[in-house]
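What follows is each chain in one-letter form.
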Amino acid sequence: MTTPLLLNPGPVTLTARVRAALNGPDLCHREPEFQALLARCKAGLLAVYPETRQGYEALLIAASGTGAVEAMVGSLVPADGKALVVANGVYGERMAAMLKLQRKAHTVVACAWEACFELAAVEAALDADPGLTHVLAVHHETTTGRLNPIGALGGLCKRHGLPLLLDAVSSFASEELRFEDWNLAAVAATANKCLHGVPGVAFVVARTAAFEAAPSGASSVYLDLYRYRAASPPFTPPIQPMYALAEAIAEHAEAGGWEARGARYRALAQQVQAGLARLGVRDFLDAPTAYAASLTSYRMPAGLTYDALHDHLKARGFVIYAGQGAFSGQIFRIATMGELSSVDMDRLLAAIAEVLPRPVLQP
Ligand SMILES: *Cc1c(COP(=O)(O)O)cnc(C)c1O
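Our subject in this report is the structure included herewith. (Residues numbered from 1 in each chain as written. Predicted model: local features only at pLDDT ≥ 70, side-chain atom pairs only at ≥ 80, totals over all residues. Heavy atoms only, no water.)

## Some points on the side chain of Arg261
Within the secondary structure, Arg261 is located in helix α9 (residues 257–278). Although Arg261 lies buried, it forms no salt bridge, and the closest oppositely charged side chain, Glu251, sits 5.3 Å away as judged by the N-O distance. Residues in contact with Arg261, not counting those within four places in the same chain, are Ala173, Ser174, Cys194, Leu195, His196 and His252. (Helix = DSSP H or I, 4+ residues; strand = E, 2+ residues; numbered from the N terminus. Buried < 20%, exposed > 50% of the residue type's maximum accessible area, 1.4 Å probe, protein only. Lys, Arg positive; Asp, Glu negative; His and termini not counted. Salt bridge = Lys/Arg side-chain N within 4 Å of Asp/Glu carboxyl O. Contact = heavy atoms within 4.5 Å.)

Encoded structure:
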């Protein structure tokens, strides 16, 4: 059997070019060759959103996306700060869990995972508590595929003078991010999602002024972002994943940047949504426009278990993704990140049609 295509939200199916980059020369991270690689990664990350070339810095850490989020939350929310977390899924709740373990004051504005948070509720919480110092949110909540309205939330943060810390792990490099307008103090993401690198390196793009505003709030040595600002890496960096990241960033830029990547994801996702609708399989969220470009969640068709669907598709060369938590068994998810084509999506639709109990063909 050939390697299945990955339709999970990262790690992704690699391009040959990124895979080849893994084979770069062995390096010591205290030598100038490593400095050049690090500089290439940092400059490339800031160039994804050119606005960040001024006043922001990119910090790379050997971790998965969660490691970058935890470093961001731990370091940039000061020990005596107070955060408002907006949560409508696994990843929003995970940020609240981090604050709890870090023993930092916080309040959570939560809503049902299938829902979009109410801006009015967030505004009321901000108005009610003048002691708040930071707002934390998730851009693309991968639990359902919802792209949260961070433009509106960011505007609110800006009006209240509160810095916004954003988990953009599954949106960085494929969705719009407006750093100034949304008052983004920092954004956390990873190499192995929309950038199409390999797992092992994650990063935070943060405002330089955010580091100057307060001492580090970190209660961890390894996840203290302030340490990563030094010219030389504080700990052994993930050199091979960084080779792949540098190449993936170059490929991303050559292909037209985040706009083109988002458009490509969206075209593939719409092809799958339309094909599945014809087979009677419905998207899960209230509106097709609620989804981020990179992932769509679908209702499990009656009479079919997730495992049966997963195993059938895996045998035909596709790995799909299950629902998490309460959505386990109720939904399945299809990401369109990575090296995928519309021909692949046609084959996927044909394979799904084979396994549906009674395909309801609609004109
Ligand atoms: C994937 C993802 C993460 C990080 O997950 P890891 O397993 O640590 O890579 C965090 N937030 C969001 C929104 C994600 O999609």
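## Structural notes on empty space enclosed by the protein
With the rule as written, the count across this model stands at 1 cavity of 30 Å³ or more. Its volume calculated, the largest cavity comes out at about 140 Å³. Forming the boundary of the largest cavity are 18 residues, of which Leu38, Leu60, Tyr228, Pro233 and Pro234 lie nearest the centre. Mapped by element, the contributors of at least two residues to the lining of the largest cavity are α2 (32–48) and β2 (56–61). Tallying contributions element by element places α2 first for the lining of the largest cavity, with 3 residues. Residue classes in the lining of the largest cavity are distributed as 15 nonpolar, 2 polar and 1 charged. (1 Å grid on protein atoms, 1.4 Å probe; cavity = no way out; pocket = protein on both sides within 12 Å on 5 of 7 lines; lining within 4 Å. Points joined across faces, edges and corners; volume = space filled by probe spheres on them. Nonpolar A, V, L, I, M, F, W, Y, C, P; charged D, E, K, R; others polar.)

## Brief notes about the nonpolar core
Ranked by internal contacts, the top residues of the largest apolar core, which has 58 residues, are Leu153, Phe172 and Leu177. Per-element accounting of this core gives the leading share, 8 residues, to helix α8 (residues 239–254). Here Leu153 is in contact with Val86, Phe117, Leu119, Val122, Val135, Ala137 and Leu164, once residues within four sequence places are set aside. (Core = buried A, V, L, I, M, F, W, Y, C linked by side-chain atoms within 4.5 Å.)

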